[in-house]
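# Structural characterization, general
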Amino acid sequence: MSNHALAERHRLAELLAAAGPDAPTLCAGWSTRDLAAHLVVRERRPDAAAGIRVGALAGHTHRVQSGYAERPYEELLRLFRSGPPMLSPFALPGADEAANTVEYFVHAEDVRRAGEEWTPQPVPPGRADALWRRLPLLARMEAGRRSPVRLELARPDGQSLTVGPAGAPVVRITGEPAELVLFVYGRGERAELAVDGPPDAVTALRHVLPLP
């Protein structure tokens, strides 16, 4: 069975190493050092990782992550490459693949596409299908709840899914699964997508989710 999360972990680690600790990322306000610290905290400090999603705990998460960011960059990359420790929730069978395939793909592109000069890279078909299978839930959680329009997310082969408020104007976003994942995570400005819909609806969407 393919382990897409492991492959993306290796790819992300190599991109972080090549970029160095002070390179920009698409994560607002974060350098590559900050991103590396986030990745380590997320799987090694469950007490602090909760603040990534829970606002009331965000202060604790920020303090812990800032402490990790002061460590040598090479140490952060070594910890990330080595994977979750035995007592981490991500060490449970299947947890890494389920929780980190998309996480590491998006963050790898956060590093790779942060500069002005980047070009699309093909995604292995199996990984593209894995991203597509995860897209319906991600789209509802990340984009559907924020979008003022009905979103039709379509692959070039015609497969599609729809999220967003029923009865609202429809905007169709077409792209490869990897590009659609980046869109629903707010990275649409750096994604290769075709956008089609009523101009007012596209404008309204652009106010909440970046588009090319």
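Before reading on, note that the structure itself is shown above.
To keep things clear, this report deals only with the structure shown in the data block. (Residues numbered from 1 in each chain as written. Predicted model: local features only at pLDDT ≥ 70, side-chain atom pairs only at ≥ 80, totals over all residues. Heavy atoms only, no water.)

## Details of the pattern of salt bridges
Rule in force here: Within this document, salt bridges are pairs made up of a side-chain nitrogen of Lys or Arg and a carboxyl oxygen of Asp or Glu, the two lying within 4 Å of each other. A run of DSSP states H or I qualifies as a helix once it reaches four residues; a run of E qualifies as a strand once it reaches two. Both are numbered from the N-terminal end.
Going through the model one piece at a time under the given rule, you end up with 16 salt bridges. In this structure, Glu152 and Arg172 form a salt bridge, with 2.5 Å as the shortest nitrogen-oxygen distance. Of the two residues, Glu152 sits in strand S1 (residues 150–154) while Arg172 sits in strand S3 (residues 170–174), which places them 20 residues apart along the sequence. Here the salt bridges share partners, and the residues they tie into one network are Glu8, Arg11, Glu109, Arg112, Arg113, Arg127 and Glu179.

## Here we look at the pairing of strand S2 (residues 160–163)
Where we set the bar: The buried label applies to any residue whose accessible area, calculated with a 1.4 Å probe on protein chains only, is under 20% of its type's maximum; exposed applies above 50%, and partly exposed to all values in between. Any two strands with at least two DSSP bridges between them are considered paired.
Side chains of S2 alternate between two faces, with Leu161 and Val163 buried and Ser160 and Thr162 left unburied. Sheet topology note: the S1/S2 ladder contains 4 bridges and is antiparallel. Paired with Glu152 across the bridge in S2 is Thr162. Between S1 and S2, which pair antiparallel one after the other, the connecting turn spans 5 residues, and Gly158 there sits at a positive phi close to 105°.

## Section: the sheet that holds S2
Put simply, the rule reads: Where helices are involved, their axes are fitted lines through C-alpha atoms of the stretch in contact, as for all axes, and angles between N-to-C directions lie from 0 to 180°. Here, residues are in contact when the closest pair of their heavy atoms is within 4.5 Å.
Spatially, the 4 strands line up as an open sheet ordered S2-S1-S3-S4, and their pairing is mixed. Lying at the two open borders of the sheet, with one neighbouring strand each, are S2 and strand S4 (194–196). Within this sheet the neighbouring strands show an average axis-to-axis angle of 20°, counted without direction. Sheet contacts for helix H7 (residues 125–144): S1 and S2; angle to S2, the most-contacted strand, approximately 20°. Against the sheet, helix H9 (residues 199–206) touches S1, S3 and S4, its axis set at about 70° to S3.

## Side note on helix H8 (residues 177–187)
Of all 11 residues making up H8, 9 are buried, and the element is well covered by its neighbours. Every buried residue of H8 is accounted for by Pro177, Ala178, Glu179, Leu180, Val181, Leu182, Phe183, Val184 and Arg187. Against helix H6 (95–112), H7, S1, S3 and H9 lie the buried residues of H8.

## Quick look at the environment of His60
Within the secondary structure, His60 sits in helix H4 (residues 58–69). Between the C-alpha atoms of His60 and Thr203, which are 143 residues apart in sequence, the distance is 37 Å.

## A few points about the nonpolar core
Note the threshold: Residues belong to one nonpolar core when they are buried, are Ala, Val, Leu, Ile, Met, Phe, Trp, Tyr or Cys, and are joined through side-chain atoms within 4.5 Å.
Residues Leu135, Leu151, Leu153, Ile173, Phe183 and Leu205 are the most contacted members of the largest nonpolar core, which totals 29 residues. Among the secondary structure elements, those contributing two or more residues to this core are H6, H7, S1, S2, S3, H8 and H9. Residue contacts for Leu153: discarding those within four places in its chain leaves Trp132, Leu135, Ala139, Gln159, Ser160, Leu161, Ile173, Leu180, Phe183 and Val184. Within the second largest apolar cluster, 21 residues are counted, among which are Ala36, Ala37, Val41 and Leu79.

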